[in-house]
Amino acid sequence: PIRVTAHLLKRASQGECPWDLWLDMAHRWPRLQVKMGSPDFFRRGDDLRVRFDVARMREVHEEAKRERDERRLKRLADEERRRTGAADFIREAEKRREMMGGRFSGGFVLTPSSRCKTPASREQEAQAAKCKDEQQKAEAEAREKQRKEEEAEAKVRAAEEQRRQKAEEAARAKEEKRREAEAKALEARGEEIFAEAERHQCPLIDRSSTFG
């Protein structure tokens, strides 16, 4: 999203751009339409253009940058938590081993494969199993969220494509009406000329003549 918004702010700093540029950016980031709403399509000469809110685009750009920074900080915090969590686990295991004293010759190690399991080892295993379950649940929720986002993006792309087709059809219909109006105006002008020629009995004008 940051690249898309930055590109639009650079190419269309006044809030206007060619319609094909807007559609290209919407295909690259389907949530553009959701964030910005429906833009205004208009014609300038023979060009079909798009007008959008520049202030809102800047807000979306800054929001995307903040979300990126937050994701980076969260990833660093998660990595730090994992490192400190492993260190705390080792310190706790060493502390419990020292508290058990000489009850176990050769030391005490908290591993799932230990034949003689203490309450501490069972608690650690239960915590590990709980963490694993929570991780699997989080991964499943993330996959479901991604699936819903992909579905939403697909709907946005389909709506954008339908809107583009309607805009093109409207432009073609408008152009056909313009040409029809010009043809009718030319035909009416020809009738006026013929009528004027008949009133003046002009022998040089014939209705078989073609105007235009």
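Residues numbered from 1 in each chain as written. Predicted model: local features only at pLDDT ≥ 70, side-chain atom pairs only at ≥ 80, totals over all residues. Heavy atoms only, no water.

**Q** Residue-level account of the packing of aromatic side chains, with values.
**A** All chains considered together, the criterion is met by one aromatic pair. The ring of Phe 42 carries Arg 51 above its face, with NZ or CZ at 4.1 Å from the centroid. (Phe/Tyr/Trp six-rings, centres within 6.5 Å; stacked < 30°, edge-to-face > 60°. Lys NZ or Arg CZ within 6 Å of the ring centre and 35° of its normal.)

**Q** Can you break down the pattern of salt bridges residue by residue, with the values?
**A** Using the criterion set out here, one finds 12 salt bridges in the structure. The salt bridge partner of Glu 16 is Arg 49, with a shortest N-O separation of 3.9 Å. Of this pair, Glu 16 sits in strand E1 (residues 16-18) while Arg 49 sits in strand E3 (residues 47-51), and the two are 33 residues apart along the sequence. Owing to a relative accessible area of 18%, Arg 49 belongs among the buried residues under this scheme. Of the charged contacts in the structure, one is a salt bridge between Glu 59 and Arg 56, with a shortest N-O distance of 3.3 Å. (Salt bridge = Lys/Arg side-chain N within 4 Å of Asp/Glu carboxyl O. Helix = DSSP H or I, 4+ residues; strand = E, 2+ residues; numbered from the N terminus. Buried < 20%, exposed > 50% of the residue type's maximum accessible area, 1.4 Å probe, protein only.)

**Q** Quick rundown of the sheet that holds strand E2 (residues 40-44)? Include the residues and the values.
**A** To summarise the sheet geometry, strands pair through backbone hydrogen bonds and adopt either a parallel or an antiparallel arrangement. Taken in spatial order, the three strands of this open sheet run E1-E3-E2, and their pairing is antiparallel. Each of the sheet's edge strands pairs with one partner strand only, and the pair in question is E1 and E2. Averaged over all neighbouring strand pairs, the angle between strand axes comes to 40°, with direction disregarded. Packing of helix H2 (residues 19-28) onto the sheet brings it into contact with E1, E2 and E3, and relative to E1 it is tilted by some 90°. (Pairing = 2+ DSSP bridges. Axes fitted to C-alpha atoms, helices over the stretch in contact; angles between N-to-C directions. Contact = heavy atoms within 4.5 Å.)

**Q** Could you give an account of the layout of surface pockets, with specific residues and numbers?
**A** Taken as a whole, the second largest pocket spans an internal volume of roughly 360 Å³. Forming the boundary of the second largest pocket are Arg 31, Glu 70, Arg 71, Lys 74, Arg 75, Ala 142, Lys 145, Gln 146, Glu 149 and Glu 153. Broken down by secondary-structure element, the contributors of at least two residues to the lining of the second largest pocket are helix H4 (54-100) and helix H5 (119-199). In terms of residue count, the dominant contributor to the lining of the second largest pocket is H5 (five residues). Partitioned by chemical class, the residues of the lining of the second largest pocket number one nonpolar, one polar and eight charged. (1 Å grid on protein atoms, 1.4 Å probe; cavity = no way out; pocket = protein on both sides within 12 Å on 5 of 7 lines; lining within 4 Å. Points joined across faces, edges and corners; volume = space filled by probe spheres on them. Nonpolar A, V, L, I, M, F, W, Y, C, P; charged D, E, K, R; others polar.)

**Q** Which residues make up the pairing of E3, and what values go with them?
**A** In the sheet, E1 pairs with E3 via three bridges, with the strands oriented antiparallel. Directly across from Pro 18, in E3, lies its bridge partner Arg 49. The antiparallel hairpin formed by E2 and E3 contains two residues in its connecting segment, where Gly 45 sits at a positive phi of about 70°.

**Q** Any chance you could break down the packing of helix H1 (residues 2-11) against H2 for me, citing the residues and the numbers?
**A** Between H1 and H2, the shortest axis-to-axis distance is 10 Å and the interhelical angle comes to 165°. Overall, the two elements H1 and H2 adopt an arrangement that is roughly antiparallel. Here H1 and H2 pass one another in a crossing that is left-handed. Seen from H1, the contacting residues are Val 4, His 7, Leu 8 and Arg 11; seen from H2, they are Leu 21, Trp 22, Met 25 and Arg 28. Each residue belonging to the contact of H1 with H2 can be placed in one class, and the counts come to five nonpolar, one polar and two charged. (Parallel < 35°, antiparallel > 145°, perpendicular 65-115°, else oblique. Left-handed = near helix turned anticlockwise from the far one by under 90°.)

**Q** Any chance you could break down H1 for me, citing the residues and the numbers?
**A** Buried residues of H1: Ile 2, Val 4, Thr 5, Leu 8 and Leu 9, and no others. All buried residues of H1 project into a common sector of 170° when viewed along the axis, lining one side. Facing away from the buried side of H1 by over 90 degrees, the exposed positions are Arg 3, Lys 10 and Arg 11. (Arc of directions from axis to C-beta.)

**Q** Help me get a handle on the pairing of E2, residues and values and all.
**A** In this sheet, E3 lies alongside E2 in antiparallel orientation, the contact comprising five bridges. Across the sheet, residue Arg 44 finds its bridge partner in E3, namely Asp 47.

**Q** Describe the nonpolar core, naming the residues involved and giving the relevant values.
**A** Most often, soluble globular proteins have nonpolar side chains that are buried together. Counting 18 residues, the largest nonpolar core has Leu 8, Cys 17, Trp 22, Leu 32, Met 36, Phe 52 and Met 57 as the members making the most contacts within it. Only H1, H2, helix H3 (32-36) and H4 provide two or more residues apiece to this core. Counting residues per element, this core draws most heavily on H2, which supplies five residues. Among residues more than four places away in sequence, those in contact with Trp 22 are Leu 8, Cys 17, Leu 32, Gln 33, Met 36, Pro 39, Val 50, Phe 52, Met 57 and Glu 160. (Core = buried A, V, L, I, M, F, W, Y, C linked by side-chain atoms within 4.5 Å.)

**Q** Which residues make up the side chain of His 61, and what are the values?
**A** Relative to the elements of secondary structure, His 61 occurs in helix H4. The residues touching His 61, leaving out its near neighbours within four places in the chain, are Ile 2, Thr 5, Ala 6 and Leu 9.

Take it as geometry only, folks, not as evidence of what the structure does.
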